[in-house]
Amino acid sequence: MTDSISANPDNIGADDRNARPLHPGGGANQLRVRAYNERLVLSLVRRNAGLSKAEIARLSGLSAQTVSVIMRALEKDGLLMRGTPVRGNVGKPKVPMALNPDGVYSFGLKIGRRSTELILMDFVGSVRATKREAYKYPTPDGIRRFVCDAVDDILTGLDRNQIDRIAGVGIAAPFELWNWVDEVGAPVEDMNAWREVDLVDAIAAIVPFPVFQQNDATAACGAELVFGLGPNYSDFAYFFIGSFIGGGVVLNQALYAGRTGNAGAFGSMPVSSRSGHPSQLIDQASIFVLEQMLTREGGDPAMLWRDPDYWHGLGKTLDIWIEHTARSLAIAITSVCSVIDFEAVIVDGGFPADVCERVVAATRAAISELDLQGIERPRIEQGRVGSAARAIGAASLPLFSRYLLDQNVLFKQMA
């Protein structure tokens, strides 16, 4: 499997050799890569919708004339749009600027151990179309077929101009997808097929757009950083509860990837099992644990993956799972915050918003029962992006690669 093209979703300075359009005139060939100052202007407007040209000049350090030239070009390209002029007491009216949602689109593909999802996202992070498929376990051929069918279905609903504005396809997939064979109940030979697959090459062979890849939990963290609560905090730890639990680390408004790109692998953190024996967080606070509980009780666990935004009829089983997940999360959060003094810990997952709300509330209660002497109790927040965070994070990869600057550069620019 290929390594991530970027260590963070902002992908500044990314090597574009693995991000290639395959058909002349298709997709990203119609959209030129933005120069640094153009990226800076777009990024400032994205972060602060409603800025005027004068405010952009002040924040960017560029001359008013340079900003005017850049913004005229961006408007002509359809990337920026003008708001209603606001009159002040003196001088010319202020004309607020914003990203044009229809200026750029991108696909985001999430490959999970129980389901896959493809979204089409616009320039401001709104999801325009979604295709989803559940399965017992993923296979390379099954994913290729799904992507072919889903992309074709979505493109059918777009006009030529919209198709020409698609910047690429981002992929969010677990690190070493072939692992945890026993947990997902998949044949070893089927999962081992992933060892021979380069996902970027496999998807690039069937779509006419540049392709990017990132770890799924890191992509979800990136989505929260850009489109969720991220702008509120300089530093935070992020936990995403999917089939298995993972996460990410944000320091100084930028994703921290670590030496091997595996920072935020919170699933490997040691916690206690229900019986008090040493265990890993992945075995105590993941949706596959709930799946196993439902299976033992004769229920249908497939409902967990068919629609991550709608669970129903889980009753006491869900209550028990939430309670135990919260206890394990509280221990992990305490350990994480004893290493880095995070401002906040953000928790999200591949489940309905009301379930996430309950998990967060139970985790706050559980951590209040722990001995926190020596560390500051962190703020524990519910993620704002929700169950589609991995796909949204994936869809942000082409946007940041071609049009925007990373949060860390932007943070320094505005300081």
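Residues numbered from 1 in each chain as written. Predicted model: local features only at pLDDT ≥ 70, side-chain atom pairs only at ≥ 80, totals over all residues. Heavy atoms only, no water.

**Considering the overall build of the protein chain**
Using the following cut-off: Each helix corresponds to a stretch of at least 4 residues labelled H or I by DSSP, and each strand to a stretch of at least 2 residues labelled E; elements are numbered beginning at the N terminus. With a 1.4 Å probe rolled over the protein chains alone, any residue whose accessible area is under 20% of its type maximum counts as buried; one over 50% counts as exposed, and the rest are partly exposed.
A tally of regular secondary structure across the protein chain gives 15 helices and 14 strands. Burial status across the protein chain gives 55% buried among its 415 residues.

**A short note on the sheet that holds strand S8 (residues 236-241)**
Rules: A pair of strands is considered paired only if DSSP assigns at least 2 bridges between the two. Contact criterion: two residues are considered in contact whenever any of their non-hydrogen atoms come within 4.5 Å of each other. For helices, the fitted axis covers only the stretch in contact; all axes are lines through C-alpha atoms, and the angles between them, taken along N-to-C directions, range from 0 to 180 degrees.
In space, the five strands of this open sheet follow the order S10-S9-S8-S13-S14, with mixed pairing throughout. This sheet does not close on itself; its edge strands, each paired only once, are strand S10 (254-255) and strand S14 (379-382). Contacts from helix H12 (residues 315-339) reach S8, strand S9 (245-251), strand S13 (344-349) and S14 within the one sheet, and its direction differs from that of S8 by about 155°.

**Topic: the layout of surface pockets**
Think of a ball as big as a water molecule: rolled over the atoms, this probe shows where empty space is left. As a reminder of what qualifies: Cavity: a set of points on a 1 Å grid over the protein atoms alone where a 1.4 Å probe fits but cannot get out. Pocket: an open set with protein on both sides within 12 Å along at least five of seven lines, its lining residues, like those of a cavity, having an atom within 4 Å of a point. Grid points are joined across faces, edges and corners, and a volume is the space filled by probe spheres set on the points. Residues are grouped as follows: Ala, Val, Leu, Ile, Met, Phe, Trp, Tyr, Cys and Pro are nonpolar; Asp, Glu, Lys and Arg are charged; all remaining types, including Gly, are polar.
There is about 580 Å³ of room inside the largest pocket. Forming the walls of the largest pocket are 40 residues, and the residues nearest its centre are Arg 113, Pro 174, Asp 216, Ile 245 and Gly 246. Mapped by element, the contributors of at least two residues to the lining of the largest pocket are strand S4 (115-122), helix H9 (216-227), S9 and helix H11 (303-306). When grouped by side-chain class, the residues that make up the lining of the largest pocket number 14 nonpolar, 18 polar and eight charged.

**Structural notes on the nonpolar core**
Considering soluble globular proteins, one finds that nonpolar side chains tend to be buried as a cluster. Filter applied, for reference: Each nonpolar core is a collection of buried residues, namely Ala, Val, Leu, Ile, Met, Phe, Trp, Tyr and Cys, held together in the definition by side-chain atoms within 4.5 Å.
In this structure, Phe 107, Phe 239 and Trp 321 are the most contacted members of the largest nonpolar core, which totals 79 residues. Looking at which element gives the most residues to this core, the answer is H12, with nine residues. Within the second largest apolar cluster, 48 residues are counted, among which are Ala 57, Leu 80, Ala 220 and Ala 395.

**Comments concerning the packing of helix H10 (residues 287-296) against H12**
Basically, it comes down to this: Here a crossing is taken to be left-handed if its near helix is turned anticlockwise relative to the far helix by less than a right angle, and right-handed if that turn runs clockwise.
One way to put it is that H10 packs onto H12 with a least axis distance of 10 Å and a crossing angle of 145°. In this structure, H10 crosses over H12, and the sense of that crossing is right-handed. Counted together, Ile 287, Val 289, Leu 290, Met 293 and Leu 294 of H10 and Thr 317, Leu 318, Ile 320 and Trp 321 of H12 form the full contact between these two elements. Considering only residue class, the contact of H10 with H12 consists of eight nonpolar, one polar and no charged.

**Remarks on the packing of aromatic side chains**
To keep things clear, this is the line we draw: Put simply, two rings from Phe, Tyr or Trp (the six-membered ring, in Trp's case) pair if the centres are within 6.5 Å, and we call them stacked under 30 degrees between planes, edge-to-face over 60, tilted for the rest.
Using the criterion set out here, one finds seven aromatic pairs in the structure. Seen in terms of ring centroids, Phe 123 and Tyr 403 are 5.9 Å apart; in terms of plane orientation they differ by 75°. Their pairing is edge-to-face. A residue pair is termed long-range when its members are at least 10 positions apart, and Phe 123 in the loop between S4 and strand S5 (127-134) and Tyr 403 in the loop between helix H14 (389-402) and helix H15 (407-414) qualify at 280 residues. By relative accessible area, Phe 123 is classed as buried at 1%. Taking relative accessible area as the criterion, Tyr 403 reaches 1% and is therefore assigned buried.

**Section: the sheet that holds strand S6 (residues 166-173)**
Judged by pairing direction, the sheet is mixed, and its five strands sit side by side in the order S5-S4-S3-S6-S7 without closing on themselves. Sheet topology places S5 and strand S7 (211-215) at the edges, where each strand pairs with a single neighbour. Averaged over neighbouring strand pairs, the angle between their axes works out to 15° when direction is ignored. Of the pairings in the sheet, the one linking S4 to S5 comprises seven bridges and is antiparallel in character. Looking at S5, one finds that Ser 115 is bridged to Ala 134.

**Looking at unusual backbone geometry**
Located in the positive-phi region is Glu 176, a residue other than glycine, with phi close to 50°. In this structure, Glu 176 sits in the loop between S6 and helix H6 (181-184). Despite not being glycine, Asn 252 has its phi angle at roughly 50°, a positive value. In this structure, Asn 252 sits in the loop between S9 and S10. Given a relative accessible area of 45%, Asn 252 falls into the partly exposed group.

**Points about the pattern of salt bridges**
Spelled out, the test is: Salt bridges are identified by distance alone: a Lys or Arg side-chain nitrogen within 4 Å of an Asp or Glu carboxyl oxygen.
The final tally for this structure, using the stated rule, is 15 salt bridges. One salt bridge in this structure joins Asp 300 and Arg 306, with 3.4 Å as the shortest N-O distance. Take Asp 300: its relative accessible area is 41%, and that puts it in the partly exposed class. Residue Arg 364 pairs with Glu 381 through a salt bridge whose shortest N-O separation is 3.8 Å. Here Arg 364, found in helix H13 (residues 353-367), pairs with Glu 381, found in strand S14; they are 17 residues apart in sequence, far enough to count as distant. With a relative accessible area of 41%, Arg 364 lands in the partly exposed category. Among the residues examined, Glu 381 registers a relative accessible area of 14% and is labelled buried.

Purely geometric numbers; function is a separate question.
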